[in-house]
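So the chains spell out like this:
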Amino acid sequence: MFSKSPTEQYTYVRNCKQTTFPSGIPMVDLSKPDAKSLIVNACEELGFFKVINHGVPMEAISKLESEAMDFFSMPLIEKQKAGPANPFGYGNKSIGRSGDVGWVEYLLLNTNQEHNSSTLPSAFGHNTEKFRSVLNEYTSAVKKMACEILDLMAEGLNIQPKNVFSKLLLDKQSDSVFRVNHYPACPDQGPDDEENMIGFGEHTDPQIISLLRSNNTSGFQISLRDGSWISVPPDHSSFFINVGDSLQVMTNGRFRSVRHRVVANGFKSRLSMIYFGGPPLSEKIAPLPSLMKGKESLYKEFTWFEYKNSTYGSRLADNRLGLFERI
Ligand code: GA4
């Protein structure tokens, strides 16, 4: 049973008044020739867009979704055998190491297929093999899409070679992560009708790029440049792409790492699966020279290892890149 305990400090946010972005969430058809320019515009404006014709087989998606639902339907005590999510495994309400709490339970998994035998929770019992193969099929397809999108970004920005970004995800040492979030329906939303309970608090993703796919339950919101929040209508057959902090730095601030959050839904549960494409730990994260054109770097030099370390000690809502900006 997923229930509130009196000691847990949840956050509530005002309902979004404005629910749509004036021109709609940018949508990119990966099979069309204008994909690269649409992607660049969306990354500059919002750091966020939706993708159709993504090439991930619906069957791979449904199989993983059903495996995940089977897992989350187990009794808490069974799920906890797969925890804590430190660094990989099952987590419940508590997010990260600094006291953030949300109306969510999740699995944090390593995408490195060789490591999965040790990190895949034994709580999957006899089902571990099945889960591993379904997970690998899904993450391979999503990683392929991530690389295609990153190549289109490089082309759209006129950077050569076009694999400058994608090679980081294809590296054997790539530090990528996979997450499945389950937000149970939350009928008791909070003290005020105008407010929603937070499922996953506002934050930016530290990695290069995140690819999110969810069931048809609403709750995902992104923040615009003026700080206002808009709800993203769910679409279970599309993917949503977030620019991460590392890509913001590599483009010297031209692409925007999007702040986002999830609010709990009063009626339906939400299931989302996110692939976070990250570089190898030793990789220097710095603006690409071809994007500087005589301009100064906005950021101090750092490796992904240094950024990740500083990130994991922070609170979800912190402006993590702030520490690495040149003044
Ligand atoms: C946000 C993106 C990914 O979900 C994640 C998260 C990580 C965690 O859940 O442990 C963090 C969060 C995320 C950023 C700040 C720190 C670390 C929780 C948190 C408070 C797995 C990641 O890489 O960074």
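Residues numbered from 1 in each chain as written. Predicted model: local features only at pLDDT ≥ 70, side-chain atom pairs only at ≥ 80, totals over all residues. Heavy atoms only, no water.

Asker: Just give me the short version of the pattern of salt bridges, but keep the residues and values in it.
Answerer: Taken as a whole and judged by the stated rule, the model has 15 salt bridges. Residue Lys63 pairs with Glu137 through a salt bridge whose shortest N-O separation is 3.1 Å. Residue Lys63 is located in helix H2 (residues 58-72), and its partner Glu137 is located in helix H5 (residues 128-156); the two are separated by 74 residues in the primary sequence. In this structure Glu137 comes out as partly exposed when scored by relative accessible area, which is 35%. (Salt bridge = Lys/Arg side-chain N within 4 Å of Asp/Glu carboxyl O. Helix = DSSP H or I, 4+ residues; strand = E, 2+ residues; numbered from the N terminus. Buried < 20%, exposed > 50% of the residue type's maximum accessible area, 1.4 Å probe, protein only.)

Asker: So, the site of the ligand: which residues are in play, and what are the values?
Answerer: Not every one of the 15 residues close to the ligand is listed here, only the nearest: Arg179, Gln207, Phe276, Tyr312 and Arg320. Between the ligand and the protein, one listed contact pairs an oxygen atom with a side-chain N or O atom of Arg179 at 2.8 Å. Between Gln207 and the ligand, the recorded distance is 2.8 Å, taken from a side-chain N or O atom to an oxygen atom. For the ligand, whose unbound accessible area comes to 460 Å², protein coverage reaches 97%. (Near = heavy atom within 4 Å. Polar contact = N/O pair within 3.5 Å; in protein donor to acceptor, adjacent residues only side chain to side chain. Areas by Shrake-Rupley, 256 points an atom, 1.4 Å probe, with all protein chains shown as cover.)

Asker: Can you explain the sheet that holds strand E7 (residues 195-203)? Please cite residues and give values.
Answerer: Reading across the sheet, the 5 strands line up as E1-E7-E12-E9-E10 and stay open at both edges, with antiparallel pairing between neighbours. Two strands lie at the open edges of the sheet, namely strand E1 (12-14) and strand E10 (229-231), each paired on one side alone. Recorded for the sheet is a direction-independent mean angle of 45° between the axes of neighbouring strands. Inspection of the sheet shows strand E9 (residues 220-223) paired to strand E12 (residues 260-263) by 3 bridges, in the antiparallel sense. (Pairing = 2+ DSSP bridges. Axes fitted to C-alpha atoms, helices over the stretch in contact; angles between N-to-C directions.)

Asker: With reference to specific residues and values, describe the packing of aromatic side chains.
Answerer: Applying the stated criterion across every chain, the model contains 12 aromatic pairs. Ring centres of Tyr307 and Phe324 lie 5.3 Å apart, and the angle between their planes is 75°; this geometry places the pair in the edge-to-face category. Residue Tyr307 is found in helix H9 (residues 304-312), and its partner Phe324 is found in the segment after H9; the two are separated by 17 residues along the sequence. Judged by relative accessible area, Tyr307 falls into the buried class, the value being 0%. (Phe/Tyr/Trp six-rings, centres within 6.5 Å; stacked < 30°, edge-to-face > 60°.)

Asker: Give a detailed account of the environment of Gly156, specifying residues and quantitative values.
Answerer: Relative to the helices and strands, Gly156 is located in helix H5. Sequence spacing of Gly156 and Ala35 is 121 residues, and the spatial spacing of their C-alpha atoms is 8.7 Å. With residues up to four places along the chain from it excluded, the contact list for Gly156 reads Lys36 and Val40. (Contact = heavy atoms within 4.5 Å.)

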